[in-house]
Amino acid sequence: MTKTHDSIKAVQEAIHNKDPHQTEFLQAVDEFLSTVEPFLEKNPEYEENHLLSILTEPERILQFRVPWQDDKGNWCVNRGYRIQFNSALGPYKGGLRFHPSVNLSILKFLAFEQIFKNSLTGLPIGGGKGGSDFDPKGKSDAEIMRFCQSFMTELSKYIGPSLDIPAGDIGVGAREIGYLYGMYKRLKQYDAGVLTGKPLDFWGSKGRTEATGYGAVYFVKHLLADKNENLTGKTVAVSGSGNVAIYAIEKLQELGAKVVTCSDSNGYIYDEEGIDLALLKQVKEVDRDRLTAYAQKRPQAEYHKDDTVWDLKATYDLAFPCATQNEIDKEKAQIMVENGTKVVAEGANMPCSLDAAEYFIDKGVAYCPGKAANAGGVAVSALEMSQNSQRLQWEKEDVDSQLNTIMKNIYESTRDAAREYGAENNFMLGANIAGFDKVAKAMTEQGLV
Ligand code: NDP
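Calculation rules
- Residues numbered from 1 in each chain as written.
- Predicted model: local features only at pLDDT ≥ 70, side-chain atom pairs only at ≥ 80, totals over all residues.
- Heavy atoms only, no water.
- UniProt positions renumbered as here; feature names shortened; annotations may be inferred.
- Helix = DSSP H or I, 4+ residues; strand = E, 2+ residues; numbered from the N terminus.
- Contact = heavy atoms within 4.5 Å.
- Expected span 1.5 Å × (residues − 1).
- Buried < 20%, exposed > 50% of the residue type's maximum accessible area, 1.4 Å probe, protein only.
- Polar contact = N/O pair within 3.5 Å; in protein donor to acceptor, adjacent residues only side chain to side chain.
- Patch = residues over 30% accessible without salt bridge, like charges linked within 9 Å, V, L, I, M, F, W, Y side chains within 5 Å.
- Areas by Shrake-Rupley, 256 points an atom, 1.4 Å probe, with all protein chains shown as cover.
- Salt bridge = Lys/Arg side-chain N within 4 Å of Asp/Glu carboxyl O.
- Lys, Arg positive; Asp, Glu negative; His and termini not counted.
- Charge placed at Lys NZ, Arg CZ, Asp CG, Glu CD.
- Phe/Tyr/Trp six-rings, centres within 6.5 Å; stacked < 30°, edge-to-face > 60°.
- Pairing = 2+ DSSP bridges.
- Axes fitted to C-alpha atoms, helices over the stretch in contact; angles between N-to-C directions.
- 1 Å grid on protein atoms, 1.4 Å probe; cavity = no way out; pocket = protein on both sides within 12 Å on 5 of 7 lines; lining within 4 Å.
- Points joined across faces, edges and corners; volume = space filled by probe spheres on them.

1. Regarding the UniProt feature "binding site: NAD(+)" (unreviewed entry) in the protein chain
Thinking step 1. In this numbering, the UniProt entry assigns the feature "binding site: NAD(+)" (unreviewed entry) to Thr212 and Asn243. These annotated residues cover 32 residues of sequence, and their C-alpha atoms lie no more than 8.1 Å from one another, placing them together at a single site.
Thinking step 2. Within the secondary structure layout, Thr212 lies in helix H9 (residues 208-226).
Thinking step 3. Excluding its chain neighbours within four sequence positions, the residues that come into contact with Thr212 are Val244, Gly347, Asn374, Gly376 and Gly377.

2. Observations concerning helix H18 (residues 427-445)
Given 3.6 residues to a turn, an α-helix orients residues that are three or four positions apart in the same direction.
Thinking step 1. With 19 residues, H18 extends 27 Å from end C-alpha to end C-alpha; this agrees with the ideal 27 Å at 1.5 Å per step.
Thinking step 2. Taken across its 19 residues, H18 has 14 buried, putting it largely inside the fold.
Thinking step 3. The opening residue of H18 is Asn426, an N-cap whose side-chain oxygen sits 3.2 Å from the backbone nitrogen of Met428.
Thinking step 4. Residue Gly447 follows H18 closely and has a positive phi angle near 80 degrees.

3. Focus: a negative patch on the surface
Thinking step 1. Side chains of Asp329, Glu331, Asp355, Glu358 and Asp362 sit close together on the surface and give a patch of like negative charge.
Thinking step 2. Looking at the negative patch, the element that brings in the most residues is helix H14 (residues 354-362), giving three residues.
Thinking step 3. Along the chain, Asp355 turns up in helix H14.
Thinking step 4. On the basis of relative accessible area, Asp355 is assigned to the partly exposed category, the value being 39%.

4. Considerations on the packing of aromatic side chains
Thinking step 1. Counted according to the given criterion, the structure contains 28 aromatic pairs.
Thinking step 2. Ring centres of Tyr46 and Phe436 lie 6.5 Å apart, and the angle between their planes is 45 degrees; this geometry places the pair in the tilted category. Of this pair, Tyr46 sits in helix H4 (residues 44-48) while Phe436 sits in helix H18; the two residues are 390 residues apart in sequence, bridging distant segments of the chain. Residue Tyr46 shares its accessibility class with Phe436, and that shared class is buried.
Thinking step 3. Arranged with centres 5.3 Å apart and planes meeting at 55 degrees, the rings of Phe64 and Phe151 form a pair that is tilted. With a gap of 87 residues between them, Phe64 in strand S1 (residues 60-69) and Phe151 in helix H7 (residues 141-155) connect regions that are remote in the sequence.
Thinking step 4. Of the residues examined, Phe64 reaches a relative accessible area of 7% and is grouped as buried.
Thinking step 5. Taken together, the aromatic side chains of Phe25, Phe32, Phe39, Tyr46, Phe85, Phe112, Phe116, Tyr421 and Phe436 make up a single cluster linked through ring pairs.

5. Quick word on the pattern of salt bridges
Thinking step 1. Tallying each qualifying case throughout the model produces 30 salt bridges.
Thinking step 2. The partner of Lys396 in a salt bridge is Glu210, with the nearest N and O atoms 3.0 Å apart. In this pair, Lys396 sits in helix H17 (residues 396-420) while Glu210 sits in helix H9, placing the two residues 186 residues apart along the sequence.
Thinking step 3. Since its relative accessible area comes to 35%, Lys396 is described here as partly exposed.
Thinking step 4. When its relative accessible area of 12% is taken as the criterion, Glu210 is described as buried.
Thinking step 5. Residues Asp437 and Lys441 are paired through a salt bridge, measuring 3.2 Å at the closest nitrogen-oxygen approach. Taken as a pair, Asp437 and Lys441 lie in helix H18 at a separation of four residues, close to a single helical turn.
Thinking step 6. Using a relative accessible area of 25% as the deciding quantity, one classes Asp437 as partly exposed.

6. Concerning the UniProt feature "active site" (unreviewed entry) in the protein chain
Thinking step 1. UniProt annotation of "active site" (unreviewed entry) refers to Lys129 when read in the numbering used here.
Thinking step 2. Tracing the sequence through the fold places Lys129 in strand S4 (residues 126-132).
Thinking step 3. In contact with Lys129, not counting residues within four places along its chain, are Arg82, Ile83, Gly94, Gly95, Leu107, Leu110, Ala111, Gln114, Asp169 and Asn349.

7. Some points on the sheet that holds strand S3 (residues 92-98)
Thinking step 1. A sheet is described by the order of its strands in space; here five strands give the open sequence S1-S2-S4-S3-S5, paired in mixed fashion. Each edge of the open sheet is held by one strand with a lone partner, namely S1 and strand S5 (164-167). When strand polarity is set aside, the average angle formed by the axes of neighbouring strands in this sheet is 20 degrees.
Thinking step 2. Looking at chain direction, strand S2 (residues 75-86) and S4 are connected through six bridges and run antiparallel. Note that in S4 the partner of Tyr81 across the bridge is Gly131.

8. Description of empty space enclosed by the protein
Thinking step 1. Throughout the structure, instances matching the rule amount to three cavities of 30 Å³ or more.
Thinking step 2. In this model, the largest cavity occupies a volume close to 70 Å³.
Thinking step 3. The wall of the largest cavity is formed by 13 residues, among which Glu31, Glu346, Met350, Cys352 and Tyr367 lie closest to the centre.
Thinking step 4. Those elements that provide at least two residues to the lining of the largest cavity are helix H2 (23-33), H14 and helix H15 (370-373).

9. Structural notes on the sheet that holds strand S11 (residues 318-321)
Thinking step 1. As summarised here, the arrangement of the five strands in space is S7-S6-S11-S12-S13, forming an open sheet in which the pairing is parallel. Of all strands in the sheet, those with a lone pairing partner are strand S7 (258-259) and strand S13 (366-368), marking the two edges.
Thinking step 2. Of the pairings in the sheet, the one linking strand S6 (residues 235-239) to S7 comprises two bridges and is parallel in character. Counterpart to Val236 in the pairing with S7 is Val259.
Thinking step 3. Packed on one face of the sheet, helix H10 (residues 243-254) meets S6, S7 and S11 and runs near 170 degrees to S6.

Next up, the structure:
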């Protein structure tokens, strides 16, 4: 064991001892630490300066109460959070998640990953994340609006277009961003650049809704092109049926692939002839309904209640987990490898456990970690910030072409870092090191603040 190995272990142990119950955060840190040894050996000054200990501590954590009234006039209360994790490369940037499972551990893991993801985009943005344990499911529009207004009443004190720029995530789409922005404007001033993922009518970016899903597909397109392959004729399994899943499916179909699955938290659809995207959009985006409604309207599709896509035994070439963290453990990874998948591209954040990811890498599956593969969303959010500063709205084709270029760069820097550190095709290591490199330099140049 090298000295560097021992010092990483010591840092890891200290983090585990400090917050032993933050399992998702510890998982994200463990995954990161499992890959950075060769980089730290090459750059011993970071170890001497205790950079890892500083990097894994958020710059600031904000927690606040969010009181709101339901339609019957009852008072309810939820917890609101914002983690401002690292501003070495720019203002804090990262989404807001509204889901009953939200807690400090989940948001710290998301904000930590966001630091390296944002670094990989090559754009000037630091890492942050926030949200609430509020459950938007089953709430009326008016309830969602009152919750968002109360949430922003507190959050507005801590954000700003050059300080911290939230966006959407699970449970937060254009509707919620609209209500949040309306309240910010009443409390502060008109400044569209304080939130991204806005509706197009008030300075959202064309192509932002599609960006995460499209970006994940572009990442895989460039990976396949490297092997003289393309997406035409490939069979694909996708999980989720939200923003990321829908637009991954759209781009996959456009590039000639057949997508046979999608899911929500109650079950999954297996549609051997290929997902009917128009029907899926109607059910999820227009009717805000469950996938059972898709199955009812498409008799040839199978609906599997209480199971996940990754329990399915069927042949497919590529897998895009696009729902949530820890969808895939090692057991499910084994099924996926038996199913023949050659690529696992994470549309979601940390959908694979660490042992599942290591299993894929070990079996020669191209495992594309979320911090690289799903960076398209935040990249177009940064382009939205640029448009807001210019007081301009770019054409969709311009945004999409920049997204494609950014995803190509992310793929290449991930691939090249893996190569440089002797781990060809290990995109987990490549993404961590390529992302970390810039953050470590900037933190050091700024005096480790
Ligand atoms: P949405 O809220 O639009 O959709 C989430 C989807 O995942 C829904 O189908 C939802 O099903 C399912 N899901 C959520 N939680 C669970 C759970 N605990 N178990 C099973 N299924 C679940 O969110 P997004 O599509 O925006 O986000 C999906 C993933 O992508 C998240 O990991 C997010 O962090 C990540 N991501 C999103 C980006 C973006 O731009 N939106 C950017 C980068 C990453 P149900 O409706 O039943 O809850």
